[in-house]
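Each chain, letter by letter, is given below.
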Amino acid sequence: MRVVIPAEGDVWLVTRANDWLVRTLVGWGVRVFAYEGSVLHQKTAVFDRRLTLVGSANLDNLSQFRNLEINAGILGGRIGGALERQFAADAARSRLIEA
């Protein structure tokens, strides 16, 4: 699994809270990249180039049950391939976080 996160988020406290989670993920073998450009706020996931998820919802109770956010699931390789290429470009402009 590979994840790109902003090197510095737009909310200082959230960035600091993420530090623990990032260290945990890296310890589990997840490759986490810190994007040095402007803040990323998209949520995308590609599974085997067949299923792509794109949206605004976070994986938390507020996004799931209170906030008006949505994710879309898209089947097919064309969109998944395009997002994988964009991910690779973003990761290339990022630094790998190591344990």
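Description of the structure in this document. (Residues numbered from 1 in each chain as written. Predicted model: local features only at pLDDT ≥ 70, side-chain atom pairs only at ≥ 80, totals over all residues. Heavy atoms only, no water.)

Considerations on the side chain of T52
Reasoning step 1: Within the element layout of this structure, T52 appears in strand β4 (residues 51–55).
Reasoning step 2: Here T52 falls in the buried class, since its relative accessible area comes to 0%.
Reasoning step 3: Among the polar contacts listed, one links the side chain of T52 to the backbone nitrogen of G80, at a separation of 3.4 Å.
Reasoning step 4: T52 has contacts with A45, V46, A72, G73, I74, I79, G80 and L83, leaving out every residue within four places of it along the chain. (Helix = DSSP H or I, 4+ residues; strand = E, 2+ residues; numbered from the N terminus. Buried < 20%, exposed > 50% of the residue type's maximum accessible area, 1.4 Å probe, protein only. Polar contact = N/O pair within 3.5 Å; in protein donor to acceptor, adjacent residues only side chain to side chain. Contact = heavy atoms within 4.5 Å.)

Quick look at the sheet that holds strand β5 (residues 71–75)
Reasoning step 1: Read from one edge of the open sheet, three strands run β3-β4-β5, paired in antiparallel fashion. The strands lining the two open edges of the sheet, one partner per strand, are β3 (43–47) and β5. With direction set aside, neighbouring strand axes in the sheet form an average angle of 15 degrees.
Reasoning step 2: Taken together, the five bridges between β4 and β5 define a ladder with antiparallel strand orientation. Paired with L51 across the bridge in β5 is L75. (Pairing = 2+ DSSP bridges. Axes fitted to C-alpha atoms, helices over the stretch in contact; angles between N-to-C directions.)

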